[in-house]
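Chain and residue survey
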Amino acid sequence: MPSQRPLQVEDFDLDHERTRRRGYPEAVLCDVKTPDQVRRIAAECRERATGTVLFTRADPERARAVLSELPDAHHEPTARLVAWPPEPPAPTGGLVVVVSAGTSDLPVALEAEMTARYLGRRTELVVDVGVAGLHRVLGRLELLRAARAVVVAAGMDGALPSVVAGLVSAPVVAVPTSVGYGASFEGVAALLTMLTSCSPGVGVVNIDNGYGAGHLAAQIAAPDTQPPS
């Protein structure tokens, strides 16, 4: 039985028209691809030069594969994200504030913050303001209330998004993280808490989905323009 030929870039059918169609570029999920596949995709992105490209969930090996083709790209190891071109676009629309309940939630929160920033929003990152010390989040009220959208990343009991939503008028995008002790069930406990929030105006994305949260917040905070034709 003949062996299957290696996948080529043309087999991947990248969505280069997404920016024109939706106003936001395609992101490349790296962790389920081989480093060589990631490298080939990066090479095609360089050749097509379609604007901002985000390579998400890029571990060190896959980040190196991207950087071998896009050496000037910006790599943020904590967020496991590579952005190209390295400079985000000039910000438009409203402010997106990204809140991390604890330092352990920072990788997910930073992925959300960088996504919103590279999709063209002004962003602010607030770290370590979990409900175990409510004075910390209360001390950031002025900034939180200036936001057009707030992303809150939290593990453990996942209570922080409800607290924040009860303090601000902007929509809150809640991100459960897989941080916590045994009964947190790798983020399921936080997910269920966020889905049953008693504060209205909370939308929930999947566990550890910082990219999805940042993308949604960028859309919420977008300037009032017509959709792309």
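These numbers were taken from a predicted model, which means no experiment stands behind them.

This part takes up the environment of Pro-85. Turning to its location among the elements, Pro-85 is positioned in the loop between β4 (81-84) and β5 (95-100). Here the alpha-carbon distance between Pro-85 and Val-53, two residues 32 residues apart in the chain, equals 7.3 Å. The contacts of Pro-85, once residues within four sequence positions are left out, are Gly-51, Thr-52 and Tyr-118.

All right, on to a nonpolar patch on the surface then. Taken together, the side chains of Phe-185, Val-188, Leu-192 and Leu-195 define a hydrophobic patch exposed on the protein surface, amounting to about 400 Å² of accessible area. Considering the arrangement of structural elements, one finds Leu-195 in helix α8 (residues 188-195).

The next subject is helix α3 (residues 60-69). For α3, the set of buried residues is Arg-62, Ala-63, Ala-65, Val-66 and Glu-69. What you see down the axis of α3 is that its buried residues fit within an arc of 155°, all on one side. Away from its buried face by more than 90 degrees, α3 exposes Pro-60 and Arg-64. Where α3 is buried, its residues meet α2 (35-48), β2 (53-56), β3 (74-76) and β4.

The N-to-C vectors of helix α4 (residues 106-118) and helix α9 (residues 210-220) enclose an angle of 35°; their axes lie 7 Å apart at closest approach. Of the two possible hands of crossing, α4 and α9 adopt the one that is right-handed. Contacts from Val-108, Glu-111, Ala-112, Thr-115 and Ala-116 in α4 reach Gly-210, Tyr-211, Ala-213, Gly-214, His-215 and Ala-218 in α9. Here the contact of α4 with α9 is built from residues that sort into six nonpolar, four polar and one charged.

Now for the pattern of salt bridges. Applying the stated criterion to the full structure yields nine salt bridges. Two residues, Arg-40 and Asp-36, come together in a salt bridge whose shortest N-O distance is 2.8 Å. Here the residue Arg-40 and the residue Asp-36 both occupy positions in helix α2, the gap between them amounting to four residues, near one helical turn. Relative accessible area serves as the criterion here: at 34%, Asp-36 is assigned to the partly exposed category. Between Arg-136 and Asp-128 there is a salt bridge; the shortest N-O distance is 3.7 Å. According to the relative accessible area criterion, Asp-128 is partly exposed, its value standing at 34%.

For strand β7 (residues 149-154), a buried count of six out of six residues is recorded, marking the element as mostly surrounded by other parts of the structure. Residues Ala-149, Val-151 and Ala-153 line one face of β7 and the alternating positions Val-150, Val-152 and Ala-154 line the opposite face, and both faces are buried. The pairing of β5 with β7 spans five bridges and is classified as parallel. Note on β7: the bridge partner recorded for Val-98 is Val-151. Of the strand pairs in this sheet, β7 and strand β8 (residues 172-176) are connected by five bridges, and their pairing is parallel. Looking across to β8, one finds that Val-152 is bridged to Ala-174.

This part covers α4. Along an α-helix, a turn takes 3.6 residues, which lines up residues three or four apart on a common side. Given a rise of 1.5 Å per residue, 13 residues ought to cover 18 Å, and the 18 Å separating the end C-alpha atoms of α4 matches this to within 8%. Buried residues dominate α4, accounting for 10 of its 13 residues. Looking only at α4, the buried set comprises Val-108, Ala-109, Leu-110, Glu-111, Ala-112, Glu-113, Met-114, Thr-115, Ala-116 and Tyr-118.

Let's shift gears to the environment of Leu-110. If you trace the backbone, Leu-110 turns up in helix α4. Owing to a relative accessible area of 12%, Leu-110 belongs among the buried residues under this scheme.

Basis of the calculations
Residues numbered from 1 in each chain as written. Predicted model: local features only at pLDDT ≥ 70, side-chain atom pairs only at ≥ 80, totals over all residues. Heavy atoms only, no water. Helix = DSSP H or I, 4+ residues; strand = E, 2+ residues; numbered from the N terminus. Contact = heavy atoms within 4.5 Å. Patch = residues over 30% accessible without salt bridge, like charges linked within 9 Å, V, L, I, M, F, W, Y side chains within 5 Å. Areas by Shrake-Rupley, 256 points an atom, 1.4 Å probe, with all protein chains shown as cover. Salt bridge = Lys/Arg side-chain N within 4 Å of Asp/Glu carboxyl O. Buried < 20%, exposed > 50% of the residue type's maximum accessible area, 1.4 Å probe, protein only. Arc of directions from axis to C-beta. Axes fitted to C-alpha atoms, helices over the stretch in contact; angles between N-to-C directions. Left-handed = near helix turned anticlockwise from the far one by under 90°. Nonpolar A, V, L, I, M, F, W, Y, C, P; charged D, E, K, R; others polar. Pairing = 2+ DSSP bridges. Expected span 1.5 Å × (residues − 1).

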